[in-house]
Amino acid sequence: MCQARDYLLHITRFYLDTLTSHPVYKKANKRGMLHMPVHEDGDWHDVPVTHIVPLWTGQQKYALYLAFHLTRDGFNASHILFPIVGKGEDRVRLILHAHNTEDDVVRLVGSICAWAQEQMDIEASGDRNRLPGAARLAYDLLEKDKVPAAAAAPTNGVKAVTNGVKNMTSGVTTAAAA
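Not measured: the values here are computed from a predicted model.

### Some thoughts on the sheet that holds strand E4 (residues 91-95)
Across the sheet, 4 strands lie side by side as E1-E2-E4-E3; this open sheet has antiparallel pairing. The outermost strands of the open sheet, each flanked by one partner alone, are strand E1 (34-35) and strand E3 (78-80). Here E1 runs beside strand E2 (residues 52-57); their pairing, made up of 2 bridges, is antiparallel. Among the inter-strand pairings, leucine 34 is bridged to a residue of E2, identified as threonine 57.

### Digging into the layout of surface pockets
Of the pockets and cavities examined, the largest pocket occupies roughly 290 Å³. Along the wall of the largest pocket there are 15 residues; nearest its centre are Phe75, Asn76, Ile95, His97 and Asn100. Element by element, the count of residues in the lining of the largest pocket is highest for helix H4 (residues 102-125), at 4 residues. For the lining of the largest pocket, the per-class residue count stands at 6 nonpolar, 6 polar and 3 charged. Here the second largest pocket defines a volume of roughly 240 Å³. Lining the second largest pocket are 13 residues, and of these Lys61, Tyr62, Ile122, Asp127 and Arg128 lie nearest its centre. Within the residue set of the lining of the second largest pocket, elements represented by two or more residues are helix H3 (60-72) and H4.

### A word on the packing of aromatic side chains
Applying the stated rule across the entire model yields 2 aromatic pairs. Arranged with centres 5.9 Å apart and planes meeting at 75°, the rings of tyrosine 62 and tryptophan 115 form a pair that is edge-to-face. One end of the pair, tyrosine 62, is in helix H3; the other, tryptophan 115, is in helix H4, with 53 residues separating them in the sequence. Like tryptophan 115, tyrosine 62 is buried. Pairing phenylalanine 68 with tyrosine 139 gives two aromatic rings, centres 5.7 Å apart and planes at 85°, and the pair type is edge-to-face. Residue phenylalanine 68 is found in helix H3, and its partner tyrosine 139 is found in helix H5 (residues 133-144); the two are separated by 71 residues along the sequence. Judged by relative accessible area, phenylalanine 68 falls into the buried class, the value being 14%. Relative accessible area serves as the criterion here: at 32%, tyrosine 139 is assigned to the partly exposed category.

### Brief notes about the pattern of salt bridges
This structure, assessed with the given rule, holds 2 salt bridges. The salt bridge involving aspartate 73 is made with arginine 72; its shortest N-O contact spans 3.1 Å. For aspartate 73, a relative accessible area of 28% gives the class partly exposed. Looking at arginine 72, the relative accessible area reads 35%, which means it is partly exposed.

Thresholds, definitions, all that
Residues numbered from 1 in each chain as written. Predicted model: local features only at pLDDT ≥ 70, side-chain atom pairs only at ≥ 80, totals over all residues. Heavy atoms only, no water. Pairing = 2+ DSSP bridges. Helix = DSSP H or I, 4+ residues; strand = E, 2+ residues; numbered from the N terminus. 1 Å grid on protein atoms, 1.4 Å probe; cavity = no way out; pocket = protein on both sides within 12 Å on 5 of 7 lines; lining within 4 Å. Points joined across faces, edges and corners; volume = space filled by probe spheres on them. Nonpolar A, V, L, I, M, F, W, Y, C, P; charged D, E, K, R; others polar. Phe/Tyr/Trp six-rings, centres within 6.5 Å; stacked < 30°, edge-to-face > 60°. Buried < 20%, exposed > 50% of the residue type's maximum accessible area, 1.4 Å probe, protein only. Salt bridge = Lys/Arg side-chain N within 4 Å of Asp/Glu carboxyl O.

Shown next as structure tokens:
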């Protein structure tokens, strides 16, 4: 048990070191697009750190877009929004595990930085209507699975059944009943 805990501390510090030293993260952080206030003082080698790591984004929609991006790339990222956090303080929560490898962390940091670079490129283009690729994919999937208005409203309020919802990570289709 102690070995797993020590490894988890190691992998968390490795994540923090790898992310904060990445040039794209530094650029996005300087622009206020991506930051980790609880870890930005850089003293995570001297104090206990948690394996639950939040990423704040400069805008609410960016947290959602980053969560879409990480999910598309095979990572379990949670978009945390109001009322769990204050209005306008949306973030993405990642949880590192003892079974994660350094290669997993390098891929995770690569995915985070790829999103940040894509978002900075979109901002630089001046196109306010352009969405990042993972957000377009997510919205396309939602549109494809949208329930027709007549089917969505139950006539007697007894039971409503929704269309299948596609899991973006595994491609498994599940049916949900209300």
